[in-house]
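Descriptive analysis of the structure
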Amino acid sequence: MGTVKTKRMPRAVREQQMLDAAVETFGRRGYMAASMDEIAELAGVSKPLVYLYLNSKEDLFTACIRREAKALVQAVRTGVRTDLSADRQLWDGLRAFFAHTAEHPHAWSVLHLQARTHGEPFAAEVTAMREEIVAFVTQLIVVAAREAHRDPDLPEREVAGLAEALVGAAESLAAWANAADGTTARQAAATLMNFAWAGLGNLMDGRPWSPPEA
């Protein structure tokens, strides 16, 4: 009987397998508690091979952040059709965001919790992702202003603030939805639309809320 030779797995495929294991481990246990031994075992490879491919725990964590940030941004962009109305674009973008974070809870934990609390290099990677999403939402708000047939040039500071507030709310709601049993992506998106779009709609219609006189 001759020995059976298994086909060697391509490096790119093996590396993604390691990243999958790392994201799950970092997401479940946190960056500090996660061990390279555990990641290697979950990936079905030796620890030296993990170091050979990804150099160090820090480099592995950075690679996880970059991959998951890219995937989240791509999911949101792909979920939006630019030929639809502004409210539909925002709705579709929110649904895509909440669906992705619900389907990849460990990845969201890495991006939303772990990366932000374990050093500036990690936090900077997430900040870059967040800035891209904020810029995308900013453009949606500008489109909404144009659709209202009013002055399309809302004050830059106001548009930036609205986009930041909306993204921040989505981040917090995603963390809550992932921890709350039975909350679907559609329900989370509807909650945020009810919270945000009514106010945005009034603003586009020229009926902004004003603070009372002192």
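Let me begin by describing the structure that accompanies this report. (Residues numbered from 1 in each chain as written. Predicted model: local features only at pLDDT ≥ 70, side-chain atom pairs only at ≥ 80, totals over all residues. Heavy atoms only, no water.)

1. What about helix 5 (residues 86–103)?
Our working definition: A run of H or I in DSSP counts as a helix once it spans at least four residues, and a run of E counts as a strand once it spans at least two, with each numbered from the N terminus. One less than the residue count of a helix, multiplied by 1.5 Å, gives the span that helix is expected to have. Classification of residues uses two cut-offs on accessible area relative to the type maximum, computed with a 1.4 Å probe and protein chains only: under 20% is buried, over 50% is exposed, and between them is partly exposed.
Along its 18 residues, helix 5 runs 26 Å from first to last C-alpha, staying within 8% of the 26 Å computed at 1.5 Å per residue. Within helix 5, the full set of buried residues consists of Ala-86, Gln-89, Leu-90, Trp-91, Asp-92, Gly-93, Leu-94, Ala-96, Phe-97, Phe-98, His-100 and Thr-101.

2. Here we look at the packing of aromatic side chains
Here a ring pair, both rings aromatic, is described through the centre-centre distance and the interplanar angle of the planes. The cut-off we apply is this: Aromatic rings from Phe, Tyr and Trp, with only the six-membered ring used for Trp, were paired whenever their centres fell within 6.5 Å, and each pair was classed as stacked if the ring planes differed by under 30 degrees, edge-to-face if by over 60, and tilted otherwise.
Counted under the stated rule, the structure contains seven aromatic pairs. Note on Phe-61 and Phe-122: the rings are 4.7 Å apart at their centroids and 85 degrees apart in plane angle, and the pair reads as edge-to-face. Of this pair, Phe-61 sits in helix 4 (residues 57–79) while Phe-122 sits in helix 7 (residues 120–147), and the two are 61 residues apart along the sequence. Here Phe-97 and Trp-108 contribute two aromatic rings whose centre-to-centre distance is 5.5 Å and whose plane-to-plane angle is 85 degrees, an arrangement assigned as edge-to-face. Remark: Trp-108 occurs in helix 6 (residues 105–114) and Phe-97 occurs in helix 5; sequence separation between them is 11 residues. The pair Phe-97 / Trp-108 is uniform in exposure class, with both members buried.

3. Considerations on the pattern of salt bridges
This is how it is decided: The term salt bridge refers to a pairing of a side-chain nitrogen on Lys or Arg with a carboxyl oxygen on Asp or Glu at a separation within 4 Å.
In this structure the tally under the stated criterion is 15 salt bridges. The salt bridge partner of Arg-130 is Glu-164, with a shortest N-O separation of 2.6 Å. Separated by 34 residues along the polypeptide, Arg-130 in helix 7 and Glu-164 in helix 8 (residues 156–179) bring together distant segments of the chain. Sharing partners across several salt bridges, the network here consists of Glu-24, Arg-28, Arg-29 and Glu-38.

4. Quick notes on the packing of helix 2 (residues 36–43) against helix 3 (residues 47–54)
Applicable threshold: Lines fitted to C-alpha atoms define the axes, with helix axes restricted to the stretch in contact, and inter-axis angles between N-to-C directions lie between 0 and 180 degrees. Angles are sorted into four bins: roughly parallel if under 35 degrees, roughly antiparallel if over 145, roughly perpendicular if 65 to 115, and oblique for all others. A contact between two residues is defined here by any heavy atoms of the two lying within 4.5 Å.
With their axes 8 Å apart at the nearest point, helix 2 and helix 3 run at an angle of 100 degrees to one another. Put simply, helix 2 runs roughly perpendicular to helix 3. Only Lys-47, Val-50 and Tyr-51 of helix 3 make contact with helix 2, whose side of the interface consists of Met-36, Asp-37 and Ala-40.

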